[in-house]
Amino acid sequence: MEGTFITFEGGDGAGKSTHIAFLADALRSQGREVLCLREPGGTLIGEALRGIVLDPNHGAMTPEAELFIYEAARAQIVSEVIKPALEAGKVVLCDRFYDSTVAYQAYGRGLSLDFVRSANAFACQGIRPHRTVLLKAASSADSLHRATRAQGADRMEQAGLDFHERVNQAFEGLNQVDPQRVRVVESSGPKSETARAVFRAVADCVGWDPDNLPFSEDFFQQANKRRKRVESGARS
């Protein structure tokens, strides 16, 4: 039984981890096996590489080194976690995947787009998301504020507003490049509305009717009450 691979993309602070957790709860309530991951991370090696690439003390890191760290972490999580999970028929929800590398390292850092795409293909080993949910926040400045207000800024978040505006502009073009895979969801409104839109965006991938979702209004209202819960790296 082939599993389902769904990725979530968007700028920092767009609400990816919140809506991944909410979708995972919904799928599990229907008896689906769900694996929630984050990039970089999700493996012992990947989490170690995450610590290196996001450390604010590593400001001297070059864009080239940054790219290869992300690709190394991706190659590890694909081989060690994602491929086996999909072969076992699980639903894999991942906070970022190769689209982020195109947005951050090609458009944000200015590396060759063709080279970044080639590096992505090498690291992904043929794995491609069945669906990508692109969460679109109100503005780059608002997203950065939400992402950094609790724990401060990591190395990528410290790259500056101009950098993050280039990244968000790249994300905005994703569904034009691959409209069959990418669905854009506005995330600046109430969480319940965003959650419902996310469920509709992935409905055909998980066996739901997008016009008749199998959840009540009370269920979606829970999204407005819940605290942000990061499940990245959790396994089931």
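Below you will find a few notes about this structure.

Rules used in this analysis
Residues numbered from 1 in each chain as written. Predicted model: local features only at pLDDT ≥ 70, side-chain atom pairs only at ≥ 80, totals over all residues. Heavy atoms only, no water. Pairing = 2+ DSSP bridges. Helix = DSSP H or I, 4+ residues; strand = E, 2+ residues; numbered from the N terminus. Axes fitted to C-alpha atoms, helices over the stretch in contact; angles between N-to-C directions. Core = buried A, V, L, I, M, F, W, Y, C linked by side-chain atoms within 4.5 Å. Buried < 20%, exposed > 50% of the residue type's maximum accessible area, 1.4 Å probe, protein only. Contact = heavy atoms within 4.5 Å. Phe/Tyr/Trp six-rings, centres within 6.5 Å; stacked < 30°, edge-to-face > 60°.

## Digging into the sheet that holds strand 4 (residues 131-136)
Then, number 1: An order of 2-3-1-4-5 is seen for the five strands of this open sheet, with the pairing classed as parallel. The two strands at the open ends of the sheet, each matched to only one other strand, are strand 2 (34-38) and strand 5 (182-186). Averaged over neighbouring strand pairs, the angle between their axes works out to 20° when direction is ignored.
Then, number 2: Looking at chain direction, strand 4 and strand 5 are connected through five bridges and run parallel.

## Some remarks on the nonpolar core
Then, number 1: Counting 30 residues, the largest nonpolar core has Phe8, Leu23, Leu93, Val133, Phe199, Trp208 and Phe220 as the members making the most contacts within it.
Then, number 2: If you list the elements that add at least two residues to this core, you get strand 1 (4-9), helix 1 (16-29), strand 2, strand 3 (91-95), strand 4, helix 9 (191-206) and helix 10 (217-225).
Then, number 3: Tallying contributions element by element places helix 9 first for this core, with eight residues.
Then, number 4: Apart from the residues lying within four places of it in its own chain, the contact partners of Leu93 are Ile6, Ile20, Leu23, Ala24, Val34, Leu35, Cys36 and Leu37.
Then, number 5: Counting 17 residues, the second-largest nonpolar core is a separate cluster that includes Leu49, Leu54, Ala170 and Phe171.

## Here we look at the pairing of strand 4
Then, number 1: For strand 4, the tally of buried residues reaches five of six residues, placing the bulk of the element in the interior.
Then, number 2: Bridging between strand 1 and strand 4 involves four bridges; their strand directions are parallel. What sits directly across from Glu9, in strand 4, is Leu134.

## Overview of the environment of Gly41
Then, number 1: Its place among the elements puts Gly41 in the loop between strand 2 and helix 2 (44-54).
Then, number 2: Each C-alpha atom, one on Gly41 and one on Asp95, is 9.8 Å from the other, the two residues being 54 residues apart in sequence.
Then, number 3: For Gly41, the residues in contact, after removing those within four places along its chain, are Gly46, Glu47 and Ile77.

## A short note on the packing of aromatic side chains
Aromatic rings considered in pairs are described by the distance between their centres and by the relative angle of their planes.
Then, number 1: Per the stated rule, a full pass over the model turns up 15 aromatic pairs.
Then, number 2: With a centroid separation of 5.8 Å and an interplanar angle of 35°, the aromatic rings of Phe22 and Phe199 are classed as tilted. A residue pair is termed long-range when its members are at least 10 positions apart, and Phe22 in helix 1 and Phe199 in helix 9 qualify at 177 residues.
Then, number 3: Between Phe68 and Phe115, the ring centres sit 6.2 Å apart and the planes meet at 90°, which makes this aromatic pair edge-to-face. Taken together, the residues Phe68 in helix 3 (residues 63-87) and Phe115 in helix 5 (residues 113-124) connect sequence positions 47 residues apart.
Then, number 4: Phe115 gets classed as partly exposed once you look at its relative accessible area, which sits at 44%.

## Quick notes on the pairing of strand 3
Then, number 1: Most of strand 3 is tucked away, with five of its five residues classed as buried.
Then, number 2: Burial along strand 3 is two-sided: the residues Val91, Leu93 and Asp95 and Val92 and Cys94 are all buried.
Then, number 3: The sheet contact formed by strand 1 and strand 3 spans five bridges and is parallel. Each residue of the ladder has a partner; that of Thr7, found in strand 3, is Cys94.
Then, number 4: Bridge count for strand 2 against strand 3 is five bridges, and the pairing is parallel. When the sheet's bridge partners are listed, Arg38 is paired in strand 3 with Asp95.

## Comments concerning the side chain of Thr101
Then, number 1: Position of Thr101 relative to the elements: it lies in helix 4 (residues 98-108).
Then, number 2: Its relative accessible area of 1% is what places Thr101 among the buried residues.
Then, number 3: If near-sequence neighbours (up to four positions away) are discounted, Thr101 is found in contact with Leu67, Glu71, Arg74, Ala106, Val116 and Asn120.

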